[in-house]
Amino acid sequence: EKMAATLQRIVASSGNPYSEEVVEEIIDRFRPQDLLSPAATNYLAHAWVAYVLATLAYERGDEAATWYHLCQARFHEGRAEADYNARREAALLKAAGGAGGRKTALKRSPLMRECFKLLADKRVKGWVSRESAYAGIASDLQYFAGEDGETYSPGELEEIVVGWIEGREDFAAIYEAGKN
C-alpha cells in the first residue's frame, strides 16, 4: 500500500508522467532484483505509470481515459513479459550445456536455425542496434515462421531474435560482424 501511494505521488506530481525523470525514479525505487533486462525494467516502469494514470482517471470518473491507460499498461507489461521470456529461454538453452547444448539447440529449432542463416546471409556493415539487425531479416523470418506453422506477432519475434543475439555467443558473433 505504501509503495502504491508513493508511486501515485510520483506520477501525479509530474507534468509529464512518462518523462525520463519519472521512469528513472520509479526504476530506482522499485527495481526488480536483477530479474529483468534494462529494457524490460523500462517497459515495466512505463506499465506502472500507465496503471497509476488509469487509477487517477477512474477516480475522476473518466472512463475513456481509464481504458486507454489500462490498454497502455497491458501493452508495456506484455513487452516486459516477452523480454523476460526471451531471456529465460536463452538462459535455459545456455544451462542445457555449454557449446554442445547450443549446437544441439540450433539443430533442433528450425526457427533458430533459419534466423541464424538469415543473419549470416544478410550481414552487412551498418547495423546500429540489435533491433536494426532484426529489421533486416524480419519479413523473411516472419514468412518462414508462418510456413513452419508458427505464429508470432512482429513484436514477439523481435523479442525472441534480440534475446538470441544478446544471449547466445554464435548469434552475438554474427551481430558483431555486421555492426558499424
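How each quantity is defined
Residues numbered from 1 in each chain as written. Predicted model: local features only at pLDDT ≥ 70, side-chain atom pairs only at ≥ 80, totals over all residues. Heavy atoms only, no water. Axes fitted to C-alpha atoms, helices over the stretch in contact; angles between N-to-C directions. Helix = DSSP H or I, 4+ residues; strand = E, 2+ residues; numbered from the N terminus. Parallel < 35°, antiparallel > 145°, perpendicular 65-115°, else oblique. Contact = heavy atoms within 4.5 Å. Nonpolar A, V, L, I, M, F, W, Y, C, P; charged D, E, K, R; others polar. Phe/Tyr/Trp six-rings, centres within 6.5 Å; stacked < 30°, edge-to-face > 60°. Buried < 20%, exposed > 50% of the residue type's maximum accessible area, 1.4 Å probe, protein only. Arc of directions from axis to C-beta. pLDDT = per-residue confidence, 0-100. Salt bridge = Lys/Arg side-chain N within 4 Å of Asp/Glu carboxyl O. 1 Å grid on protein atoms, 1.4 Å probe; cavity = no way out; pocket = protein on both sides within 12 Å on 5 of 7 lines; lining within 4 Å. Points joined across faces, edges and corners; volume = space filled by probe spheres on them.

Chemist: What is the right way to look at the packing of helix α1 (residues 2–12) against helix α3 (residues 38–60) in this model?
Modeler: At their nearest, the axes of α1 and α3 sit 10 Å apart, and the two run at 85 degrees to each other. The pairing of α1 with α3 is recorded here as roughly perpendicular in orientation. Contacts from Leu7, Gln8, Val11 and Ala12 in α1 reach Trp48, Val49, Val52, Leu53, Thr55, Leu56 and Glu59 in α3. Its residues placed into classes, the contact of α1 with α3 shows eight nonpolar, two polar and one charged.

Chemist: How do you make sense of the packing of aromatic side chains when you look at a structure like this?
Modeler: The relative placement of two aromatic rings is captured by the distance of their centres and the angle of their planes. Inspection of every chain in the model, using the stated rule, returns two aromatic pairs. Through successive ring pairs, a cluster of aromatic residues spans Phe116, Trp164 and Phe171.

Chemist: What's the story with α1 in this structure? I'm lost.
Modeler: An α-helical segment advances 3.6 residues per turn. Residues three or four places apart therefore align on the same side. Residues of α1 that are buried: Thr6, Leu7, Ile10 and Val11. With its buried residues spanning 130 degrees around the axis, α1 presents them on a single face. Elements in contact with the buried residues of α1: α2 (20–29) and α3.

Chemist: Would you mind showing me how to read the confidence of the model for the protein here?
Modeler: Any segment with low pLDDT has predicted coordinates that should not be analysed in fine detail. When pLDDT is averaged along the protein, the result is 81; 85% of the residues meet or exceed 70. Ranking the elements of the protein by mean pLDDT puts helix α5 (residues 98–108) last, at 55, and helix α8 (residues 154–167) first, at 89.

Chemist: I tried to follow the pattern of salt bridges on my own but got confused; where do I start?
Modeler: Once their charged atoms are close, side chains differing in charge can pair, the charge on each being opposite to the other. Inspection of every chain in the model, using the stated rule, returns six salt bridges. Here Arg74 makes a salt bridge to Glu77, at a shortest N to O gap of 3.1 Å. A residue pair is termed a helical-turn pair when its members lie 3 or 4 positions apart in one helix, as Arg74 and Glu77 do in helix α4 (residues 63–95) at three residues. Here Glu77 falls in the partly exposed class, since its relative accessible area comes to 27%. Note that Glu166 and Arg130 form a salt bridge whose closest N and O atoms lie 3.9 Å from each other. Here Arg130 lies in helix α7 (residues 130–147) and Glu166 lies in helix α8, a separation of 36 residues in the sequence. Residue classification places Arg130 among the partly exposed positions, given a relative accessible area of 30%.

Chemist: What's the story with the layout of surface pockets in this structure? I'm lost.
Modeler: Take a probe with the size of a water molecule and roll it over the atoms, and the empty space left behind shows itself. One number sums up the size of the largest pocket: a volume of about 320 Å³. Around the largest pocket sit 17 residues that line it, and Tyr43, Arg79, Glu131, Glu158 and Glu159 are the ones nearest its centre. Of all the secondary-structure elements, those providing two or more residues to the lining of the largest pocket are α3, α4, α7 and α8. Taken together, the residues that form the lining of the largest pocket break down as five nonpolar, three polar and nine charged.

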